[in-house]
Amino acid sequence: MTMNGAQALLRTLVDHDVDVCFTNPGTSEMHFVAALDGEPRMRAVLGLFEGVVTGAADGYARMTGRPAATLLHLGPGLGNGIANLHNARRAHVPMVNIVGDHATYHQALDAPLQSNIETLAANVSGWIRRSDSAASLAQDAAEAVVVARTCPGEIATLILPADVSWGEGGGQVVERRSFDAPLAPDLTTVEAAAKILRTGEPSAILVGNDIMRDELSLALLDAVAAATGSKVLAEVFPTRIRRGAGIASADRLGYLAEFAAMQLDGLRHLILIGAQSPVTFFAYPGKASDLVPDGCDVLVVTDVRENGPTAAEALADAVGVTVADARFAGSSRPDRPTGDLTGAALAAAVGATLPENAIVVDEAQTGGIWASPATAGCPPHDWLTLTGGSIGFGMPCATGAAIACPDRPVINLQADGSAMYTAQALWTQAREGLDVTTVIFANRSYAILNMELSRVGVESPGPVAKSMLDLTGPELDFVALAQGMGVPAERPEDAESFTAALERAVAEPGPHVIEAVIPSGF
């Protein structure tokens with residue numbers, strides 16, 4: 001069968017179960033765009049900014065475990081998408097990142113959009129390949145999918161020159177290839193961890209990656225902790241957390257180094273399963289960057305490439321406990337809030353109304369610090385967090401999660417400052433009819449940076465410095481912004497009306513925005 005390169009690429013992707021492509025194309029990608037009509041198995045989703053495209057692919061992968069494809073325009077398009085590719089890389093999710101390039105014979109002319117795509121992609125990719133012919137493109141695409149799905153997940157970047165895309169001779173059919181399973185944990189190391197825990201010395205198990213979305217693993221590790229007097233902690237920002245009533249919980253380390261240090265204080269042993277050894281997000285004058293306490297030994301049981309759930313089962317066997325020994329979160333909800341709108345009132349409203357099996361995408365920043373504890377006893381749900389710290393994650397990630405799970409409500413807890421990075425995601429949500437409710441925590445400030453200003457040692461910031469962290473003059477109007485992109489929006493004035501608006505938005509089909517103006521800071 002005669003095909004051009006773009007047609008062969010699309011067929012190979014869907015044959016390998018990559019059937020969603022988030023796109024923001026340009027001239028060099030037009031043959032790929034044209035080929036979409038000939039491949040009805042591929043769902044193409046347009047984003048109006050590349051950061052929406054890459055963030056949506058991240059959210060999709062977090063909820064399905066499978067890669068979506070992205071389609072980006074040359075080096076500048078890739079550059080626009082890098083912030084959320086950084087978050088995806090830190091989340092260890094699979095993604096096939098397709099970046100168009102000039103035709104091969106055009107590249108030597110130094111046209112205005114010419115750039116070094118490989119250099120840009122190297123910052124966020126585990127694998128990069130530039131296809132050099134239509135005949136090899138299908139094989140390149142198949143390999144990209146295999147790499148992307150290699151545990152724990154990689155960003156595979158495939159660079160697609162325009163003449164490779166339009167070139168004939170792409171009819172090669174590539175058979176489906178198997179994907180490598182996660183590496184098995186070292187059972188000797190598991191036994192060493194069990195021996196440490198049996199001593200009764202102050203110990204903690206720090207978990208991340210695949211453990212956090214596996215209810216059985218969480219239960220087994222909680223049983224281990226209960227039997228040995230240790231505790232289970234989780235990374236500050238896990239990729240995906242399964243939580244709620246009937247599920248064993250793991251306390252997340254605090255973002256602030258002072259809080260994390262208190263959680264780790266006095267430990268003699270820190271056992272890592274799918275997590276990195278804890279460090280501060282930033283350096284602070286006169287303060288330590290390594291959060292492991294003095295005199296505490298660190299044992300790595302599994303890294304992200306190894307099978308965490310298998311390690312959890314083996315550790316439970318070695319300690320002699322079962323799921324029956326675990327402590328599960330009870331069923332509870334906060335009361336419906338009344339009175340003024342505050343961050344605590346918004347969290348109580350979310351906790352009072354959160355539907356079963358919801359997906360919560362959390363980029364609420366300082367305004368949302370109450371949200372996690374307020375929902376701990378809600379019906380089971382998934383919680384997605386900002387793994388890489390690069391803001392503008394929430395709205396795109398919620399978009400991808402809603403496409404991945406169309407039968408589940410998605411609630412995006414969204415700070416106002418970071419919302420402005422990728423607000424274009426609302427347009428995609430309207431276009432696709434996605435059930436995403438976005439709650440804007442509008443404190444009219446980069447509140448977290450006001451806090452960080454003092455933490456880095458600036459004692460008396462002046463008016464210019466303060467103005468750089470202020471979002472007033474003019475004030476942002478998210479109701480107008482959302483409505484301008486086709487999304488119904490409202491701005492409740494008190495806690496009662498906010499709770500009612502949240503219930504309506506979650507119950508009604510399609511996207512909604514609720515802007516809640518709250519005091520700045522904590």
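Now for a quick tour of the structure. (Residues numbered from 1 in each chain as written. Predicted model: local features only at pLDDT ≥ 70, side-chain atom pairs only at ≥ 80, totals over all residues. Heavy atoms only, no water.)

A few words now on the overall build of the protein chain. Across its full length, the protein chain carries 20 helices and 18 strands. Its C-alpha atoms give the protein chain a radius of gyration of 24 Å, within 12% of the compact-globule value 24 Å for 522 residues. With respect to the principal axes defined by its C-alpha atoms, the protein chain has extents near 65 × 60 × 45 Å. By the burial criterion, 56% of the 522 residues in the protein chain qualify as buried. (Helix = DSSP H or I, 4+ residues; strand = E, 2+ residues; numbered from the N terminus. Rg over C-alpha atoms; globule rule 2.2 N^0.38 Å. Buried < 20%, exposed > 50% of the residue type's maximum accessible area, 1.4 Å probe, protein only.)

Here the focus is a nonpolar patch on the surface. A contiguous nonpolar surface patch, about 240 Å² in accessible area, is contributed by Leu216, Val323 and Phe328. The partly exposed category is assigned to Val323, whose relative accessible area is 31%. (Patch = residues over 30% accessible without salt bridge, like charges linked within 9 Å, V, L, I, M, F, W, Y side chains within 5 Å. Areas by Shrake-Rupley, 256 points an atom, 1.4 Å probe, with all protein chains shown as cover. Salt bridge = Lys/Arg side-chain N within 4 Å of Asp/Glu carboxyl O.)

Once that is clear, we can look at empty space enclosed by the protein. The final tally for this structure, using the stated rule, is 4 cavities of 30 Å³ or more. Approximately 40 Å³ is the volume found for the largest cavity. Every residue lining the largest cavity is listed: Pro409, Val410, Asp435, Val436, Thr437, Ala505, Val506, Glu508 and Gly510. When contributions to the lining of the largest cavity are tallied by element, the ones reaching two or more residues are strand E16 (436-442) and helix H20 (495-507). (1 Å grid on protein atoms, 1.4 Å probe; cavity = no way out; pocket = protein on both sides within 12 Å on 5 of 7 lines; lining within 4 Å. Points joined across faces, edges and corners; volume = space filled by probe spheres on them.)

On to the environment of Lys231, then. The residue Lys231 is located in strand E8 (residues 231-234) in this model. Residue classification places Lys231 among the partly exposed positions, given a relative accessible area of 32%. Put simply, Lys231 and Arg62 are 169 residues apart on the chain and 26 Å apart in space, counted from C-alpha to C-alpha. Every residue in contact with Lys231, bar those within four places of it in the chain, is listed here: Ser203, Ala204, Ile205, Ala225, Gln263 and Leu267. Here the side chain of Lys231 touches Gln263 through a polar contact of 2.5 Å, landing on its backbone oxygen. (Contact = heavy atoms within 4.5 Å. Polar contact = N/O pair within 3.5 Å; in protein donor to acceptor, adjacent residues only side chain to side chain.)

Take the side chain of His269 next. As for its placement among the helices and strands, His269 is situated in strand E11 (residues 269-273). Beyond its immediate chain neighbours, meaning those up to four positions away, His269 contacts Ile196, Glu201, Pro202, Ser203, Ala204, Cys296 and Asp297.

Taken as a whole, the second largest pocket encloses approximately 330 Å³ of empty space. In this structure, the second largest pocket is lined by 24 residues; those nearest its centre are Gly65, His92, Pro94, Pro152 and Arg213. With 4 residues, the single largest contributor to the lining of the second largest pocket is helix H3 (residues 50-64). Here the lining of the second largest pocket is built from residues that sort into 11 nonpolar, 8 polar and 5 charged. (Nonpolar A, V, L, I, M, F, W, Y, C, P; charged D, E, K, R; others polar.)

A few words now on the sheet that holds strand E10 (residues 251-252). Spatially, the 5 strands line up as an open sheet ordered E10-E8-E7-E11-E12, and their pairing is parallel. Every other strand in the sheet has two partners, leaving E10 and strand E12 (297-302) as the edge strands with one partner each. Of the pairings in the sheet, the one linking strand E7 (residues 203-207) to E8 comprises 4 bridges and is parallel in character. Paired with Leu206 across the two strands is Leu233, which belongs to E8. Along the sheet, helix H8 (residues 187-198) contacts E7, E11 and E12; its crossing angle with E12, the most-contacted strand, is approximately 140°. Contacts between helix H9 (residues 215-228) and the sheet are confined to E7, E8 and E11, with E8 contributing the most and set at about 140° to the helix. (Pairing = 2+ DSSP bridges. Axes fitted to C-alpha atoms, helices over the stretch in contact; angles between N-to-C directions.)

Moving on, we get to the packing of aromatic side chains. Within this structure, the stated rule accounts for 5 aromatic pairs. Seen in terms of ring centroids, Phe22 and Tyr60 are 6.3 Å apart; in terms of plane orientation they differ by 70°. Their pairing is edge-to-face. Of the two residues, Phe22 is situated in strand E1 (residues 20-23) and Tyr60 in helix H3; the sequence distance between them amounts to 38 residues. Considering the side-chain rings of Phe237 and Tyr255, the 6.4 Å spacing of their centres and the 45° angle between planes classify their relative orientation as tilted. Here Tyr255 lies in the loop between E10 and helix H10 (257-264) and Phe237 lies in the loop between E8 and strand E9 (240-243), a separation of 18 residues in the sequence. Among the residues examined, Phe237 registers a relative accessible area of 24% and is labelled partly exposed. An aromatic cluster is defined as three or more aromatic residues linked by ring pairs; in this entry it consists of Phe237, Tyr255, Phe281 and Phe282. Lying over the aromatic face of Trp383, Arg243 brings its terminal NZ or CZ to 4.6 Å of the ring centre. (Phe/Tyr/Trp six-rings, centres within 6.5 Å; stacked < 30°, edge-to-face > 60°. Lys NZ or Arg CZ within 6 Å of the ring centre and 35° of its normal.)

What follows covers the pairing of E1. Side chains of E1 alternate between two faces, with Val20 and Phe22 and Cys21 and Thr23 buried alike. Bridge count for E1 against strand E2 (residues 43-46) is 4 bridges, and the pairing is parallel. Across the sheet, the residue bridging to Val20 is Arg43, located in E2. Handedness of the E1-helix H2 (residues 30-35)-E2 crossover: right-handed. Sheet topology note: the E1/strand E3 (residues 69-73) ladder contains 3 bridges and is parallel. Within the sheet, the bridge partner assigned to Thr23 lies in E3 and is Leu71. (Right-handed = clockwise from strand over helix to strand, strands pointing away.)

What the 6 strands build is an open sheet, ordered E2-E1-E3-E4-E6-E5; its pairing is parallel. Strands at the two margins of the open sheet, each flanked by one partner only, are E2 and strand E5 (127-130). The sheet shows a mean angle of 20° between the axes of neighbouring strands, direction not considered. Sheet contacts for helix H1 (residues 5-15): E3, strand E4 (95-101) and strand E6 (155-161); angle to E4, the most-contacted strand, approximately 175°.

Attention shifts here to unusual backbone geometry. For the bond running from Cys151 to Pro152, omega is 5°, close enough to zero to count as cis. Tracing the sequence through the fold places Pro152 in the loop between helix H6 (134-148) and E6. Here the residue pair Gly473 and Pro474 is connected by a cis peptide bond, since its omega of 5° sits within 30 degrees of zero. Along the chain, the position of Pro474 falls in the loop between helix H18 (463-467) and helix H19 (478-484). We note that Leu74 has phi near 60°; this positive angle belongs to a residue other than glycine. Residue placement: Leu74 occurs in helix H4 (residues 74-91).

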